[in-house]
Each structure stands twice: as C-alpha cells, then as structure tokens.
Amino acid sequence: MTIIATQALTKTYGGGVTALSDLTVDVEAGVIGLVGANGAGKSTFIKIMLGLIAPSAGEVRVFGLDPVSETDQVRARVGYMPENDCLPPDVSAAEFVTHLGRLSGLPKTAARERASEALRHVGLYEERYRQIGGYSTGMKQRVKLAQALVHDPDLLLLDEPTNGLDPAGREAMLTLVQRIGNEFGISVVVCSHLLGEVERICDSLIAIEGGRLLRADRISAMTAASDILAVEVSEGTDELAEALARLDLTVTREGQLLLVPLESEAAYDRILHAVAELDLPLHRLDQRRHRVAELFTAKETADV
Amino acid sequence: MSETGVIHDIGYQRYSGARLGRPAVFGALYQHGLRAAFGLGRSAKAKIFPWLVAGIVLLVAVINAGVKAQANITLFDYYMFDDTMSWLVIFFVAIVAPELVSRDMRSGVLPLYFSRPLRAADYIGAKIAALITAVWLLLGVPQLIMFLGAAFTTKKGMSGVWDEAGRLLPGWGYSVLWAVLFASIGLLVASITGKRAFAAGGIVATFLVTAPVVGVLNIVRSETAHHLSGLVSPMTLVRGVQIWLRDGVDLGLDVGRMGPIYGIELVCLVAVCLLLLLARYRKVASL
C-alpha cells in the first residue's frame, strides 16, 4: 500500500532558496528512513506532508489525501514528533499528553485513556505523573513520541528521534520505533542524518541531498544481491583461484583478496572445502555485506 | 494489576472511537486556557498570583457589600468598582497573558499544536476567549457578590432586587469591555516574547507609560485636549466609553461630546490587536 506519493514536488522559499526540487517518490507502508545531511530538505518534506507549508509546485498525497486542502483529515491520521525541545517543564507527562490528545480531537475520557496507553507503550507508565521538567533527555524523547502516538495515527513522522541520546538511549529509541512499525501496525518515517542508525530498523530508505532524491528503495533490494565472500590466504592465492574457478564460482582478484559472490549457502562450504583440500593457510574469510552507505557514496562520487 | 505483580503486555490497541472536529478542539484549548489562567492543574506556585489578585478583589467586594448592608453607605457602584480595581486587573492580565501564550512559545510546544487540526486563528481565538473570560470572572464574580449583598438586604422586596439587577447587568457589561480591551492588549504584548517576566513587565509598562500622558493632557489649557485626553490610556479609554454610553458624568474624566471617538477607538484598538496577533501566529504556525 502506498502511503505517501509525491509528483515533482518542489518547494522554493521566499529568498530563492530551493529546499526541495522535483522530488518524485512513492512510499510503501512500513518503517521508512528519510536520510540526508542537515539542510537536505527533510524537515521541509515533513512540513509539507503535515500541511504546514504548501508546496511551490508538484503534488503530494498522504493516504491519497492532499495535505493542503484536506489538512484535517491528513493530520488526524498523522503523528508528528519534532526535532526540537517542545515540552513544558511544569506539567506532568500524563496531563500534557492528554491535553494534546484532546487537541487532536479525542473526547476527554478517551484522551485520558489513550494518553496512559501511549505513555505505557513508550515505557513511561510509572513516571507519568511526575513533572516533565524533572525528566532525563531520554524520557523527554519518549514523551514526545507518546504525544505523537496519542491519537492513534496511521503514520508517524519522527524528526531525529535519537537526537541528544546516549548510545543506550539511542538503541532503546530505535528498538521502540521498530516495534511501533512492526507490532503496532503504524507506518513510521524516521528522519535522520545518520544512515547507519536508521538502516538497521527500516524496511525502506529515501535518501535526499540538496532537495533532490538520491535514491528510494527497499533496504533488502539495496543490500541482498550484493553478498560477497572475501577469502585471503597467505600463500597459494593463484592455486585457490583456479580451484574455485573449477567449482564454477566466479572469482575476482582484488590485491591479496579473492572475491567470490555468494549465490547460495552451499557456496560457502565449497570454498572452505577447496581451501582445506589445497591445505592452504587461511587468513581471512568474511562475508562482505554491502552497506547501504556504499551505495550512496558511489552515487555521490559519480555526481562529482 | 494481578496480585503477583506480573505486567501483562496487552499489546497496542487501535482507537476506533470518535474524533471530534475543530470546534471541539477549540473548546478544549479554551478550557485548558481558562484553567491555566487560575493555575488549575498546575503547581501551587502557579496559583499564588492569580488567586492573590482575585482574593483582594473579592475582599473589596465583600467589604463593599458589608458596609452597604450594615450602614447603607455605597462605597462603589458597579462601574466604580471596575475603575477602582483597574490596577489589579492590569496585574492580573500581566500574570495570566504570559501564562497563556509566552509559556507555549518558550517551551516550543507550538509545533505540536499546529501539527494537529488547529489553525492560528483557532489558537488565538481560544486564548483570547480564555483570557477575556478570566478577566471578566475576576470582576464579574465580585460584582455578583455586591449584588447578592444588596439584594438580600434590600428593604423594598422584589422590586428592590429587580432595581439592583438592573444596575448589575450594565455593570457586568462594563466588565466585559474591560476584559476585551485588556485581554487583547495583554495578549499581543505577551505574544512578542517567550520570556514570561519580560512579557509581564511589558504589559504593565504599556499601561503604566500611557497613564501619566492623560494627566499631562489634562493640564493643557484646551477644552478639546481635556476631552480627548482619555484616549491615550486604555484605562481612561474604557471609562470614556462607559461615560459616553451612560451619558454619565465622571469627576476624573470629562469626555464632552467626544464620546463616539472613544467608542470607535476601543473597537479599532481591539481589532488591530487581534489582527496583529493573527499575523504573528500565521508566521509561527508555519514554523
């Protein structure tokens, strides 16, 4: 199911700054990573999806709705977690999230129930009656996530959810986001400038740079086909290459390394056997999973 | 919770209940603002100032009602009550207006508001309505106490009560004028800054600076200047409108035949404040 679709989406700000140019992308439900450097246009994209700013040209549809003309319907189905601090210090989390639930159009009792629910899901059930001012950064990020969840949206827009968190906090937040995407049945767009971070939890990735689409695809499509086994032996590299070639494996040499594409699980064993039969001192045997990052760097250098 | 203290993960539940529209959202924000104005649902610290001011105003009304009941001396009528309490109203607005808008700006909560079915106009509307109601309650409730005091001690039976009610209603109307004007100005000043102390100071200063100008104009030896002097300060402006509407005489302020000008200025001033607020929040709402 396509949840977000854009057609030649362009946003030019008053001063002639182009934040998004000609962005055409179809996004499937799931956990989606929106990556790009600071100022790449991620936040602009989110604001357009929320109907906060109108695009200069092109079209955007969220659940088939136009955020410009059908703002309320879109916002009822979307939850937004901004990047910056956005919590008043002198109220309790329960009260704050309830208030925002009511502003999303929930009736009073429903808002209260949903607020405790949302806080429970982000792991703040026990602390919810404490004032937000006394919370740690990690807890504050959770409150921000809870307020985005309170009205049970179908899509969450998370702007840098791991901002300011320590490694353990990051881990916990990412796991939580992944859980929301997989178990709650809510699609999540996670904005980040850290590719390595979102890559792990996302089903698909959209990379933008300077307002342009770099690449949008499913993570599996980006990484699966490129598993390569790197074999290094301290002597007899040529013999091994020959032996592997005889086993119908395509071998490429890269310095001291032999690179063999892994077509099947069996290939791994066959290579090991070949090494053992030749009685060669094996130095290294590791699976080279293509990182998503490599795909982007290759592209970027091509641009230059 | 079960007795063994096991936490059951009942999983995520989708919400299928009602989703109300913008009028309900407006109502929720209004209610929230009105509660916040009196520090309800906030810490004890937030309750001190609004209730201190409200307490003083109430006390004055009770004393007034008591004196009238015991000695049949009217210290203030309903209009004079508002005029006398003017500085307390200003303090109240200076405390509450920043609580309503500067606080939201300071904590950065506005992006959360405006990513929901809420527009800049709704936000301002709800906030101004909450502030107007709060200021009106500040004056209207003591006026009601004065009325009750007079009504229960009247010696003319029902007709005495009716006469008193006939005086209370315009008094309430006068309080509405106060509330509308002071809420608009106060909210506009408060929306400029996110720092609560600056906002409060700014509001008091706005009223403080204009008051002496009225005095200066009254020394000038021109009849017209005397009549128009009240236009400069919001406090005398409201009084001028009251004098004009009641065709009354006030020892402190003589509006002559310039009454309509006071009325026009009041309306324009409120409209300008609201339009400026709207312009400000249109900008803020698009982040």
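Residues numbered from 1 in each chain as written. Chains lettered and ligands numbered in written order. Predicted model: local features only at pLDDT ≥ 70, side-chain atom pairs only at ≥ 80, totals over all residues. Heavy atoms only, no water.

*Asks:* Pulling in residues and values, what's your account of the sheet that holds strand S8 (residues 204-209) of chain A?
*Replies:* All names here are of chain A. Judged by pairing direction, the sheet is mixed, and its 6 strands sit side by side in the order S5-S6-S7-S3-S8-S9 without closing on themselves. Each edge of the open sheet carries a strand with a single partner, namely strand S5 (78-81) and strand S9 (212-218). With direction set aside, neighbouring strand axes in the sheet form an average angle of 15 degrees. In this sheet, strand S6 (residues 155-159) lies alongside S5 in parallel orientation, the contact comprising 4 bridges. (Pairing = 2+ DSSP bridges. Helix = DSSP H or I, 4+ residues; strand = E, 2+ residues; numbered from the N terminus. Axes fitted to C-alpha atoms, helices over the stretch in contact; angles between N-to-C directions.)

*Asks:* I'd like to hear about helix H1 (residues 22-37) of chain B, residue by residue, with values.
*Replies:* With 16 residues, H1 of chain B should cover 22 Å at 1.5 Å per step; its first-to-last C-alpha distance of 22 Å lies within 8% of that length. When we look at burial in H1 of chain B, the residues that qualify are Val25, Ala28, Leu29, Gly33, Leu34, Ala36 and Ala37 of chain B. Among the structural elements, helix H3 (93-103) of chain A together with helix H2 (44-71), helix H4 (86-107), helix H5 (110-114) and helix H6 (120-152) of chain B are those in contact with the buried residues of H1 of chain B. Looking one or two residues past H1 of chain B, glycine 39 of chain B carries a phi angle of roughly 70 degrees, positive in sign. (Expected span 1.5 Å × (residues − 1). Buried < 20%, exposed > 50% of the residue type's maximum accessible area, 1.4 Å probe, protein only. Contact = heavy atoms within 4.5 Å.)

*Asks:* Residues and numbers for the interface of chain A and chain B, please.
*Replies:* Listed as interface residues are 44 residues of chain A and, on the opposing side, 37 residues of chain B. Around 3500 Å² of area is buried between chain A and chain B when both sides are counted, 52% of it from carbon and sulfur atoms. Summed over the shared surface of chain A and chain B, the number is 5 salt bridges. In this structure, the salt-bridge partner of arginine 14 of chain B is aspartate 152 of chain A, at a minimum N-O distance of 2.8 Å. The tally of links from chain A across to chain B stands at 24 residue pairs in polar contact (both at pLDDT 80 or more). Each residue belonging to the side of chain A that touches chain B can be placed in one class, and the counts come to 21 nonpolar, 9 polar and 14 charged. (Buried area = accessible area lost by both parts, 1.4 Å probe. Salt bridge = Lys/Arg side-chain N within 4 Å of Asp/Glu carboxyl O. Polar contact = N/O pair within 3.5 Å; in protein donor to acceptor, adjacent residues only side chain to side chain. Nonpolar A, V, L, I, M, F, W, Y, C, P; charged D, E, K, R; others polar.)

*Asks:* Lay out the sheet that holds strand S4 (residues 57-62) of chain A in plain terms, naming residues and giving numbers.
*Replies:* Residue and element names in this part refer to chain A. Taken together, 3 strands build an open sheet; the order of strands is S2-S1-S4 and the sheet is antiparallel. What marks the edges here is a single partner per strand, and that holds for strand S2 (18-28) and S4. Strand-to-strand twist in this sheet, taken as the mean axis angle between neighbours without regard to direction, amounts to 15 degrees. With 5 bridges connecting them, strand S1 (residues 2-12) and S4 associate as antiparallel partners. When the sheet's bridge partners are listed, alanine 5 is paired in S4 with arginine 61. Against the sheet, helix H1 (residues 42-49) touches S1, S2 and S4, its axis set at about 115 degrees to S1.

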